[in-house]
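# Chain and residue survey
For reference, the chains in residue letters:
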Amino acid sequence: SVCAIFREEDRFIREWLDFHLCNGFEHFFLFIDRQPNVTCTDALLKPYIEKGQVTLDQGVAIPDPQIPTYNECLQRYGHMS
């Protein structure tokens, strides 16, 4: 599994997922960091979510969210990986 936080990566997110799926990763816990157009991201990730390959969540809403969001990922989903 992969836990990742991203913002405004709509142009690249599917390519990134496909690359990592081809290299043996099976599931992604993706956290959106203050992205303005979440609807577009939801539509792009819908096929992956429906296949059970992606869990999409909101990142921790603070100025430097990386470490707190990774900690949140471990608390919420650590038992699943």
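Residues numbered from 1 in each chain as written. Predicted model: local features only at pLDDT ≥ 70, side-chain atom pairs only at ≥ 80, totals over all residues. Heavy atoms only, no water.

### A short note on the overall build of the protein
Assigned secondary structure in the protein consists of three helices and three strands. When the elements of the protein are put in sequence order from the N terminus, they spell out β-α-β-α-β-α. Its C-alpha atoms give the protein a radius of gyration of 12 Å, within 12% of the compact-globule value 12 Å for 81 residues. Seen through its C-alpha atoms, the protein measures out along the principal axes to roughly 30 × 30 × 20 Å. Counting the 81 residues in the protein, one finds 35% classified as buried. Working note: accessible area of the protein is about 5200 Å², and carbon and sulfur atoms make up 53% of it. Separation of charge centres in the protein, based on 7 positive and 12 negative side chains, amounts to 4 Å. (Helix = DSSP H or I, 4+ residues; strand = E, 2+ residues; numbered from the N terminus. Rg over C-alpha atoms; globule rule 2.2 N^0.38 Å. Buried < 20%, exposed > 50% of the residue type's maximum accessible area, 1.4 Å probe, protein only. Areas by Shrake-Rupley, 256 points an atom, 1.4 Å probe, with all protein chains shown as cover. Lys, Arg positive; Asp, Glu negative; His and termini not counted. Charge placed at Lys NZ, Arg CZ, Asp CG, Glu CD.)

### Quick look at the packing of aromatic side chains
Per the stated rule, a full pass over the model turns up three aromatic pairs. Site record: aromatic cluster; members linked through ring pairs are Phe29, Phe31 and Tyr77. (Phe/Tyr/Trp six-rings, centres within 6.5 Å; stacked < 30°, edge-to-face > 60°.)

### Details of the pairing of strand β1 (residues 2–6)
Most of β1 is tucked away: four of the five residues are buried. Relative to strand β2 (residues 28–32), β1 is paired through five bridges, and the arrangement is parallel. Following the sheet pairing, Phe6 is matched in β2 by Ile32. Taking the sense of rotation as the criterion, the β-α-β connection linking β1, helix α1 (residues 13–22) and β2 turns out right-handed. (Pairing = 2+ DSSP bridges. Right-handed = clockwise from strand over helix to strand, strands pointing away.)

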